Amino acid sequence: MQQVAGRWWNGIWGRLGRRDVWLTREVRWKVIARAGDAETGRVLRWDFDTESEALALIQRLLAADAGGSWRKQDVDAASSPPR
């Protein structure tokens, strides 16, 4: 079962500027990043052995993006990452 440990959103609505990042864990830590909306967005995935390695990539993703104002989102059932 996949557990969502963290989620970030850049605060921009719409399919062109929206960015989302999830931190999930099954056995290994996984970072999932989406550029665009849920229907047409491009999804990238990375796997890590440790949470600290996964969080280091998230920090690089948040620092590299030029659009919006990143904010951490509440983790709940509605924050499922793309499959």
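Residues numbered from 1 in each chain as written. Predicted model: local features only at pLDDT ≥ 70, side-chain atom pairs only at ≥ 80, totals over all residues. Heavy atoms only, no water.

With respect to helix α1 (residues 51-64)
This is how it is decided: Here a strand is any run of E in DSSP of at least two residues, a helix any run of H or I of at least four, and the numbering for each starts at the N terminus. What a helix is expected to span follows from its residue count: subtract one and scale by 1.5 Å. The contact rule is simple, with two residues in contact once any of their heavy atoms fall within 4.5 Å.
An ideal rise of 1.5 Å per residue puts 20 Å on 14 residues; α1 measures up with 20 Å between its terminal C-alpha atoms. Looking at the packing, one finds that the buried side of α1 touches β1 (3-9), β2 (19-25), β3 (29-35) and β4 (42-48).

Thoughts on the pattern of salt bridges
Keep this limit in mind: Each salt bridge in this description consists of a side-chain nitrogen of Lys or Arg and a carboxyl oxygen of Asp or Glu lying within 4 Å of one another.
Applying the stated criterion across every chain, the model contains four salt bridges. The partner of D20 in a salt bridge is R18, with the nearest N and O atoms 2.8 Å apart. Among the ionic contacts, a cluster of salt bridges with common partners joins R7, R18, D20 and R34.

Describing the packing of aromatic side chains
Heads up, the condition is: Stacked, edge-to-face and tilted are the three classes for Phe, Tyr and Trp ring pairs, Trp counted by its six-membered ring, which pair at centre distances within 6.5 Å; planes under 30 degrees apart are stacked, over 60 edge-to-face, the rest tilted. By the criterion adopted, a ring carries a charge over it if an Arg CZ or a Lys NZ lies within 6 Å of its centre and within 35 degrees of its normal.
Applying the stated criterion across every chain, the model contains one aromatic pair. A cation over a ring is seen here: R18 above W13, with NZ or CZ 5.3 Å from the ring centre. A cation over a ring is seen here: R71 above W9, with NZ or CZ 5.3 Å from the ring centre.

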